[in-house]
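The chain contents come next:
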Amino acid sequence: MTTALAMISGGLDSTLAAKLVKDQGIEVIGICFKSNFFNEENALTSVKKIDIPLVVVDFSDEHLEMVKNPKHGHGKNMNPCIDCHAMMMRHCGELLEKYHADFIITGEVLNQRPMSQNRSALDIVKNESGIGRKILRPLCAKNLNPTQMEIEGLIDREALLDIKGRNRKAQMELALKWGILEYPSPAGGCKLTEPNYSVRLKDLLTYKKDASKRDLELLKIGRHFRVSKDVKIISTRNENEGELLEQLLTEEDLMFLARDYNGSTVAMIGGPTGEAMEFAARITGRYCKGKDEESVTVIYGINEENLNESINAKPSTKEEINNYIIN
């Protein structure tokens with residue numbers, strides 16, 4: 001029986017591509033990649049809709065090193081889509097033998113994304129993957145030259161599609177036909193496509209080339225302020241972020257809370273200095289119910305159970321916030 005590995009992101013296009021091939025009687029195994037910037041959550045939901053198994057490949061460390069300096073550059077934000085797709089396909093190529101598979105499926109559509117899915121970009125991915133002859137793009141196959149799989153009769157080219165361009169009407173009609181009614185927005189699962197996260201990541205990698213997993217997780221929380229090359233302050237926006245932030249703090253960090261008012265949990269990441277601690281206290285005052293007071297008492301320590309010190313601080317002004325905020 002013919003077997004294909006389908007690269008499943010959890011988005012609509014990869015789901016439709018896998019379903020289209022499966023409907024030709026081909027066994028399809030989903031392959032999802034996990035990194036510091038995206039996970040398997042959407043993919044797990046996606047494969048249930050089309051009833052295929054899913055294998056999750058964690059390539060976080062390798063992917064992070066590539067994100068720092070991608071051969072083909074970043075997209076609009078910090079997304080190195082061409083290099084990322086090629087890396088994923090190389091890993092899929094290594095799995096062909098393990099799963100006794102004949103070829104690889106992707107959900108790419110010609111010219112849907114001007115930078116990463118034009119014909120030149122698709123060819124680059126194909127060539128640099130090392131398994132170009134094994135890649136099938138079912139949704140736009142009729143706009144491309146026939147693949148080895150089509151020529152050898154492993155799959156019927158006439159049953160493949162000729163979708164191209166940025167209009168997603170064809171995909172949405174196909175999803176409706178197959179009863180796939182809920183799906184995330186394009187690239188919705190990748191933090192590297194988000195403008196605010198990308199600005200924070202650029203800042204982090206500027207000052208800390210050896211960023212840890214914790215550093216990357218912290219980027220997902222609250223508001224970020226750069227005080228110096230070694231010190232950053234984070235202010236949460238809600239209770240849930242406060243809980244997440246506290247879980248990520250170490251004994252090298254400090255937590256700040258307004259003593260007499262409800263408000264943001266604030267953390268100083270990096271070695272404390274007098275000036276930075278004063279600013280952290282002012283940030284704490286700014287994002288609490290006492291922001292209009294002349295002075296707010298801020299308590300601080302290494303965690304919520306050890307807030308044994310205090311500072312009286314004037315809440316930061318909007319102008320001061322704008323001078324330091326990263327996003």
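Structure: see above.
Reading the values: the criteria
Residues numbered from 1 in each chain as written. Predicted model: local features only at pLDDT ≥ 70, side-chain atom pairs only at ≥ 80, totals over all residues. Heavy atoms only, no water. Helix = DSSP H or I, 4+ residues; strand = E, 2+ residues; numbered from the N terminus. Contact = heavy atoms within 4.5 Å. Areas by Shrake-Rupley, 256 points an atom, 1.4 Å probe, with all protein chains shown as cover. Lys, Arg positive; Asp, Glu negative; His and termini not counted. Charge placed at Lys NZ, Arg CZ, Asp CG, Glu CD. Pairing = 2+ DSSP bridges. Axes fitted to C-alpha atoms, helices over the stretch in contact; angles between N-to-C directions. Salt bridge = Lys/Arg side-chain N within 4 Å of Asp/Glu carboxyl O. Core = buried A, V, L, I, M, F, W, Y, C linked by side-chain atoms within 4.5 Å. Buried < 20%, exposed > 50% of the residue type's maximum accessible area, 1.4 Å probe, protein only. Phe/Tyr/Trp six-rings, centres within 6.5 Å; stacked < 30°, edge-to-face > 60°. Lys NZ or Arg CZ within 6 Å of the ring centre and 35° of its normal.

## Details of the overall build of the protein
From N to C terminus, the protein includes 12 helices and 11 strands. For the protein, the C-alpha atoms occupy an extent of roughly 75 × 40 × 35 Å along the three principal directions. Counting only contacts in the protein whose residues sit at least 6 apart along the sequence, the fraction spanning at least 24 positions is 62%. As presented, the protein carries roughly 16,100 Å² of accessible surface, and 46% of it is formed by carbon and sulfur atoms. Charge-centre separation for the protein: the mean point of 43 positive side chains lies 6 Å from the mean point of 48 negative side chains.

## Quick word on the sheet that holds strand β9 (residues 266-269)
Strand order in the open sheet made by the six strands is β6-β7-β9-β8-β10-β11, with antiparallel pairing throughout. Across the chains shown, the open sheet's two edge strands, defined by having one partner strand only, are β6 (223-226) and β11 (309-313). Each neighbouring strand pair of the sheet contributes to a mean axis angle of 25 degrees, computed without reference to strand direction. Examined bridge by bridge, β6 and strand β7 (residues 232-235) share four bridges and lie antiparallel to one another. Counterpart to R226 in the pairing with β7 is K232. The sheet contacts of helix α8 (residues 195-207) involve β6 and β7, and relative to β6 the element is tilted by about 35 degrees. In the packing of helix α11 (residues 274-286) onto the sheet, the strands contacted are β6, β7, β8 (254-258), β9, β10 (296-301) and β11, and the crossing angle to β8 comes to about 40 degrees.

## Side note on the pattern of salt bridges
Summed over the entire model, instances satisfying the criterion amount to 17 salt bridges. When the shortest N-O distance is used, the salt bridge between E217 and K220 registers 3.0 Å.

## Topic: the nonpolar core
One finds I31, F37 and L201 to be the most contacted residues of the largest nonpolar core, which totals 37 residues. Here this core gets seven residues from one element, more than from any other, and that element is helix α4 (residues 81-95). Not counting chain neighbours up to four residues away, the residues in contact with F37 comprise H63, L64, V67, G189, C190, K191, L192, Y197, L201 and L216. Listed in part, the 29 residues of the second largest apolar core include I8, L12, A18 and V21.

## With respect to the sheet that holds strand β3 (residues 54-58)
In spatial order, the strands read β3-β2-β1-β4-β5; together these five strands make up an open sheet with parallel pairing. On the outer flanks of this sheet lie β3 and β5 (135-136), each paired with one strand and no other.

## A look at the packing of aromatic side chains
The geometry of an aromatic ring pair is captured by two quantities: the separation of the ring centres and the angle between the planes. Enumeration over the complete set of coordinates arrives at six aromatic pairs. Pairing F33 with F59 gives two aromatic rings, centres 5.0 Å apart and planes at 45 degrees, and the pair type is tilted. Here F33, found in strand β2 (residues 27-34), pairs with F59, found in the loop between β3 and α3 (60-68); they are 26 residues apart in sequence, far enough to count as distant. When sorted by exposure, F33 lands in the same class as F59, which is buried. The interplanar angle of 75 degrees and the centroid separation of 6.2 Å between the aromatic rings of F37 and Y197 together place this pair among those described as edge-to-face. Here F37, found in the loop between β2 and α2 (41-50), pairs with Y197, found in helix α8; they are 160 residues apart in sequence, far enough to count as distant. Y197 carries the same exposure label as F37, and that label is buried. Three or more aromatic residues joined by ring pairs make a cluster, and in this case those are F33, F38 and F59. In this structure, K19 is placed above the aromatic ring of W178, and the distance from its NZ or CZ to the ring centre is 5.6 Å.

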